[in-house]
Amino acid sequence: MLIPQQSAARPDRPLRPDEARVTSSALILPLAWVVPGPNVRGTDVGDVSELAVSISKIGQREPILVAKLGERRYEIIEGHRRRKAAELAGRTHIDAVLRRRPSPCDRLVHQLAMHTHAKPFEPIAEARALHILMWEHRLTREEIAHRVGRPNGWVRDRLALLQLDESEQQAVDERALPLGEALGRVRERRAERDGRPAPSAAAPRPRREQHFTDGHPLAADARQRCRAAGRAHRDRLSLGGVACGSCWEDAIRADQGGAR
């Protein structure tokens, strides 16, 4: 039996430093009451067999986010894979956190931002979601990049994938067509359309790694910063065999700040 709880309160004013506000409620819901909400991936949540095994062995580690639609009916905001895995594991109930129902725009931004730092969506699904944010919700590329925590170039490149034909898009999602090659095809077609030389015929750009090497005057500072970060930076791409990109950037900014 579910004990009725109040839905999440909508914030009506900023909080003072000594104030708190309850904005969500913890629930244990029957799976039959929980229905999928709009999702970047659509109805296909992918293979959840490993997640189902994990739930069977150690339980559900993170609650899903839901919005209340009506009596005994809740819509998933975040957690479509967890709900499917719980069902596959034979669970009858699922842990959830109640939130107010987001707007379609906020829902897309939330899902893209969440999966930026977790299991990413397929590139074409991301591209279609970004297209909706731009053309239906009138967000600029810069606004999207800021809200989902991605560089502008990432947004630009994902949107470019929609210029591929359907078979090429499917090949990208199946990883039969690498992203770099797919984007190269888009650039070549743009160049052909605009009457410009194909990118491959242009002079090659110098690789940044050729500059950021041990010979750079800030190499020692960048290396020290990367080593101090420890394991968090160990698996990152190293530029010039010295340090990751963010540590190079920090060293350069520190040097520029000291020179002022």
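As a reminder, the structure under discussion sits directly above these lines.
The structure reproduced in this document is the subject of the present report.

Now for the environment of Arg99. Mapping Arg99 onto the fold places it in the loop between β5 (93-98) and α3 (104-116). Since its relative accessible area comes to 36%, Arg99 is described here as partly exposed. Residues Arg99 and Ile77 lie 22 residues apart in sequence; the distance between their C-alpha atoms is 8.5 Å.

Counting residues in each nonpolar core, the largest one holds 18 residues, and the members touching the most others are Leu29, Val34, Ile64, Val66, Tyr74 and Ile94. Looking at this core, the elements with two or more residues in it are β1 (25-30), α1 (49-58), β3 (64-70), β4 (73-78), α2 (80-88) and β5. Top contributing element to this core by residue count: β5, with three residues.

Before going further, it helps to spend a moment on the side chain of Gln169. One can find Gln169 in helix α7 (residues 166-173). According to the relative accessible area criterion, Gln169 is buried, its value standing at 9%. Of the polar contacts made by the side chain of Gln169, one reaches the backbone oxygen of Leu164; its length is 3.0 Å. Excluding residues that lie within four positions of it along the chain, Gln169 makes contacts with Ile124, Arg128, Leu161, Leu162 and Leu164.

This part takes up the pairing of β3. Bridge analysis of β3 against β5 gives three bridges, and the strand direction is parallel. Paired with Ile64 across the bridge in β5 is Ala96. Direction of pairing for β3 relative to β4: antiparallel, over a ladder of five bridges. Note on β4: the bridge partner recorded for Gly70 is Arg73.

Checked against the element boundaries, Glu168 lands in helix α7. In this structure Glu168 comes out as buried when scored by relative accessible area, which is 6%. Reaching out from Glu168, the side chain makes a polar contact with the side chain of Arg189 at a distance of 2.5 Å. When near neighbours in sequence (up to four residues on either side) are disregarded, Glu168 contacts Leu177, Arg185 and Arg189.

Further remarks concern helix α6 (residues 152-160). Along α6, the residues classified as buried are Trp154, Val155, Asp157, Arg158, Leu159 and Ala160. On its buried face, α6 is in contact with α4 (123-135), α5 (141-148) and α8 (179-194).

This paragraph deals with the sheet that holds β4. Spatially, five strands are ordered β1-β5-β3-β4-β2 in an open sheet, and the strand pairing comes out mixed. For this open sheet the edge positions go to β1 and β2 (34-35), each flanked by a neighbour on one side alone. Two strands pair when backbone bridges link them, and β1 and β5 are joined in this way by six bridges, in the antiparallel orientation. Within β5, the position partnered with Pro30 by the bridge is His93. With respect to the sheet, α2 is in contact with β2, β3, β4 and β5, its orientation differing from that of β4 by roughly 125°.

Attention now goes to the packing of α5 against α6. Interhelical geometry of α5 versus α6 gives an angle of 115° and a closest axis separation of 8 Å. As summarised for this structure, α5 and α6 are arranged roughly perpendicular, according to the angle between their axes. Crossing handedness for the pair α5 and α6: right-handed. Contacts from Arg141, Glu142, Ile144, Ala145 and Val148 in α5 reach Asn152, Trp154, Val155 and Arg156 in α6.

Conventions we followed
Residues numbered from 1 in each chain as written. Predicted model: local features only at pLDDT ≥ 70, side-chain atom pairs only at ≥ 80, totals over all residues. Heavy atoms only, no water. Helix = DSSP H or I, 4+ residues; strand = E, 2+ residues; numbered from the N terminus. Buried < 20%, exposed > 50% of the residue type's maximum accessible area, 1.4 Å probe, protein only. Core = buried A, V, L, I, M, F, W, Y, C linked by side-chain atoms within 4.5 Å. Polar contact = N/O pair within 3.5 Å; in protein donor to acceptor, adjacent residues only side chain to side chain. Contact = heavy atoms within 4.5 Å. Pairing = 2+ DSSP bridges. Axes fitted to C-alpha atoms, helices over the stretch in contact; angles between N-to-C directions. Parallel < 35°, antiparallel > 145°, perpendicular 65-115°, else oblique. Left-handed = near helix turned anticlockwise from the far one by under 90°.

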